[in-house]
Amino acid sequence: ERAPGRAGYKAGVVYTMNVDMSRAAPAAVSTASAAASELVSSGFHEAARLVSLLAARLDQNLDGMSPSRIALASALAAAFGIKVAAMLLDARRSVRRRGLLFLLFIAAKQLPVIKTIVKREKQKMIDEMDADMTSKMLAEGVVPAKLTRLPPTGNSIAWVRGEANARQQKDTKWNSDRSTMSGAVYVADSKHFNLLSDVYAQYAHSNPLHADAFPAVARFEQEVVAMTASFLGGGAGKGCNPEVCGLMTSGGTESILTAIRATRDYMRHVRSITKPELIVADSAHAAVYKAAEYFDIVLVRVKVDPQTLKMDVDAVRKACTRNTIMIYASAPGYPHGQMDDVSSLAKIAVAKKICLHVDACLGGFVMPFANEALEGTEAGAEAGTKGNEGSTRSKTALFDFRVPGVTSMSIDTHKYGLAQKGSSVVLYASSALRQYQYTAVMDWSGGLYISPSQAGSRSGGLIAQTWASLMAVGRSGYVKNARAILQGASALRNGISEIDGLQVMGDDVTMVVAWRSIDKAVPIYVLNDVMTANGWHLSVLHAPPALHYCVTPANVRSVGKLVDDLQTACEKVKQMTKSGAAGVEGGKAPIYGLAGGLPDRGLIGDILKDVQDLMLKNV
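What counts, and where the lines are drawn
- Residues numbered from 1 in each chain as written.
- Predicted model: local features only at pLDDT ≥ 70, side-chain atom pairs only at ≥ 80, totals over all residues.
- Heavy atoms only, no water.
- Pairing = 2+ DSSP bridges.
- Helix = DSSP H or I, 4+ residues; strand = E, 2+ residues; numbered from the N terminus.
- Axes fitted to C-alpha atoms, helices over the stretch in contact; angles between N-to-C directions.
- Contact = heavy atoms within 4.5 Å.
- Parallel < 35°, antiparallel > 145°, perpendicular 65-115°, else oblique.
- Left-handed = near helix turned anticlockwise from the far one by under 90°.
- Nonpolar A, V, L, I, M, F, W, Y, C, P; charged D, E, K, R; others polar.
- Core = buried A, V, L, I, M, F, W, Y, C linked by side-chain atoms within 4.5 Å.
- Buried < 20%, exposed > 50% of the residue type's maximum accessible area, 1.4 Å probe, protein only.
- Salt bridge = Lys/Arg side-chain N within 4 Å of Asp/Glu carboxyl O.
- Phe/Tyr/Trp six-rings, centres within 6.5 Å; stacked < 30°, edge-to-face > 60°.
- Expected span 1.5 Å × (residues − 1).

J.: Talk me through the sheet that holds strand β13 (residues 546–550); I want residue IDs and the actual numbers.
T.: The strand order across the open sheet formed by four strands is β10-β11-β13-β12, and the pairing between neighbours is antiparallel. Only two strands of the sheet have a single neighbouring strand rather than two, namely β10 (502–505) and β12 (539–541). Taken over all neighbouring pairs, the strand axes of this sheet differ in orientation by 30° on average, direction set aside. Pairing analysis gives three bridges linking β12 to β13, with the strands arranged antiparallel. Within β13, the position partnered with S539 by the bridge is H548. In this fold helix α16 (residues 524–533) packs onto β10, β11 (512–517), β12 and β13, with an angle of close to 40° to the strand it touches most, β13.

Next up, the structure:
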């Protein structure tokens, strides 16, 4: 088999146990040996006797039957057995994909009475949400009529610009250094933003699909890939993999989908796996669910450790089967900002001869510089404090291609790479795996066709502005940004820890800080509604209910105010609870609470799809 990584896979080692029997009594050993031999012999004789009886009974029943009938009956019995086996395998596959409880709810909802009740109640909820969205739009002022047709004639440039500016007034205002949004906005330097916009405009017409016509953007892409790989274990250097390669994509989701699809096809070719399974943690990014749906892959979910909130390594080991194609790790995970134990997971991947993907979409331009950035700082000291079990935690461990067994990674350049939206990188341990990302068409009437990505045409402008961002910031700039972000995250963790009723989740100091309520008088979703009313945009988590804030260059200066506002909001929520108030009027706490409490996750999924329709309608 051709291994996708530089290190390849080591052959398994068989260990034997030597037992010293020199002290055992010879008579006891002899007696035990004789008894074991007699037991095995009697077992074989009994099995042979049963087979003989069965054969005699079968001959008696078939006596007088023509050979053709016997052959036909045997064929029908075999076909029936194969059908039953296939049905059982499909049932097992469905249970592994969705869970037994999910399938039971699907079956129950097919009953006419239950089906009618669920449909009626769901429609009632959707109608209420539709009315609420409509009333909020009207309360915001005059809403222009939604355009549904082309204008009869083209409008002037001045009119188009004026209309675009007018519609932007309701958008969340971009504040270069005082953002109150969790994540979302990353660029804090207006000069940097303007540089990227200018470079984008300069190359907006180009398309890397036509590399012969636009060689500049093709070169930009390979340089972005090489520069990104250089600080993630690619290129030259001790322990690095010079074969690391990759391509640019439109974002983290596409990078993840691309790596999973390439791995599926690779494992189908080298291991003949036709019913692929992907092992992910509950905290894995939602893109893995898209991949499972798009590429017909069974998603095998394992729990995170309740203390560390990292992927449970032992659970992963137990979840591996002959159909496993990949283990999916996060560095860090989106919900709680914790770094999965990539080294331990990689050992499992090597032993099982499967692939390992590391999702570094969030951390790719921060965590590689963390140790250097935090050297000698208070946040760096916190990274070496005692963990939950009293053992000293080391600084950021390796999580990239320097770890043997890592076969692919996803890194977003449009986050902490400080490029504009629509830019990401997918990396592979070797071109042997990357080639399974390509699509080659040999018999098309339009000619020979080769495409390296899911998209055919791509924006050369996005590639060019990403290159411009990396060139403008440089290594020292990313180290500086990492220092500011991790120090801000450390300050936020310390501040929240001092607030009565709140508890920080996890020990790793990354850009994501998550917290939950440990006080019944402070329902976490009501707290979020109060913070939203005060202008904050926090991220809402489930299982367990919690909130998180993703620190970026654009919001790091707001950390102090966030802590103060959280303290004030907690006191307000406690007073609301004491007075019996249900929550913030028009808040989302009831919706989040309902979604977290309903055991029928399929119904929640149906409601989410209806809500998405409403959101597309009420804009």
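J.: Go over the packing of α16 against helix α17 (residues 559–579) with me, naming the residues and quoting the values.
T.: At a minimum axis separation of 9 Å, α16 and α17 run at an interaxial angle of 120°. Judged by the inter-axis angle, α16 sits oblique to α17. In this structure, α16 meets α17 at a crossing whose hand is right-handed. Contacts from V526, L527, V530 and M531 of α16 reach α17 at L562, D565, L566, A569, C570, K572, V573 and M576. Among the residues making up the contact of α16 with α17, the classes are represented as 10 nonpolar, no polar and two charged.

J.: Would you mind going over the side chain of T258 in detail, with residue names and values included?
T.: Mapping T258 onto the fold places it in helix α8 (residues 252–271). Once you skip the residues sitting within four places of it in the chain, T258 turns out to touch T249, V426, Y428, Q437 and Q454.

J.: I'd like a description of the nonpolar core, backed by residues and values.
T.: Ranked by size, the top nonpolar core spans 132 residues in total, and within it F399, M409, L427, W515 and L527 carry the most contacts. Among the elements that take part in this core, helix α15 (residues 460–497) stands out by supplying 13 residues, more than any other. Residues I126, I607, V611 and L614 belong to the second largest nonpolar core, which totals five residues.

J.: An account of the pattern of salt bridges is requested, with residue identities and associated values reported.
T.: Applying the stated criterion to the full structure yields 17 salt bridges. Taking the shortest distance from any N to any O, the salt bridge between K617 and D130 comes out at 2.9 Å. Here K617 is found in helix α19 (residues 601–617), whereas its partner D130 is found in helix α4 (residues 112–139), with 487 residues between them in sequence. Between E163 and R167 there is a salt bridge; the shortest N-O distance is 2.9 Å. Separated by four residues within a single helix, E163 and R167 lie in helix α5 (residues 157–167), roughly one turn from each other. By relative accessible area, which is 24% here, E163 ends up partly exposed.

J.: Can you tell me about the packing of α8 against helix α9 (residues 287–295), naming the residues and giving the values?
T.: Running from N to C, α8 and α9 cross one another at 45°; their axes reach a closest spacing of 9 Å. Viewed along their axes, α8 and α9 adopt a mutual orientation that is oblique. α8 and α9 meet at a crossing whose hand is right-handed. Judged by residue contacts, T253, I256, L257, I260, R261 and R264 of α8 engage A287, V288, K290, A291, Y294 and F295 from α9. For the contact of α8 with α9, the class distribution of residues is eight nonpolar, one polar and three charged.

J.: Before we move on, can you summarise the packing of aromatic side chains with the specific residues and values?
T.: Remark: the centre distance and the inter-plane angle together describe each pair of aromatic rings, the angle taken between the planes. Under the definition given, this model contains 11 aromatic pairs. Taking 5.0 Å as the distance between ring centres and 80° as the angle between the ring planes, the aromatic pair formed by Y186 and Y416 counts as edge-to-face. Taken as a pair, Y186 in the loop between α5 and α6 (190–202) and Y416 in the loop between β6 (408–411) and β7 (424–428) lie far apart in primary sequence, 230 residues in all. Both residues of the pair, Y186 and Y416, count as buried. Taken together, a centroid distance of 5.3 Å and an interplanar angle of 75° make the contact between Y203 and F220 edge-to-face. Placement of the pair is Y203 in the loop between α6 and α7 (215–230) and F220 in helix α7, with a sequence separation of 17 residues. The exposure class assigned to F220 is buried, which follows from its relative accessible area of 10%. Counting every residue linked through ring pairs, the aromatic cluster contains F231, F365, F369 and Y478.

J.: Report on the sheet that holds strand β3 (residues 298–302), specifying residues and quantitative values.
T.: The strand order β1-β7-β6-β5-β4-β2-β3 describes an open sheet built from seven strands, whose pairing is mixed. Only two strands of the sheet have a single partner each, and these edge strands are β1 (245–249) and β3. If you compare each strand with its neighbour and ignore which way they point, the axes differ by 20° on average. With five bridges joining them, strand β4 (residues 324–330) and strand β5 (residues 355–359) adopt parallel strand pairing. Paired with I327 across the bridge in β5 is L356. Strands in contact with α9 are β2 (277–281), β3 and β4; relative to β3, the strand with the most contacts, it is inclined by about 150°.

J.: Tell me about the pairing of β10, residues and numbers included.
T.: As paired elements, β10 and β11 share four bridges and run antiparallel to each other. Across the sheet, residue V504 finds its bridge partner in β11, namely W515. Linking β10 back to β11 in an antiparallel pair, the connection comprises six residues, with G506 at a positive phi of about 85°.

J.: Give a description of α4 that names residues and reports values.
T.: In this model, α4 (28 residues) spans 41 Å end to end at C-alpha, consistent with the 40 Å of a helix rising 1.5 Å per residue. When we look at burial in α4, the residues that qualify are I126, M129, D130 and M137.

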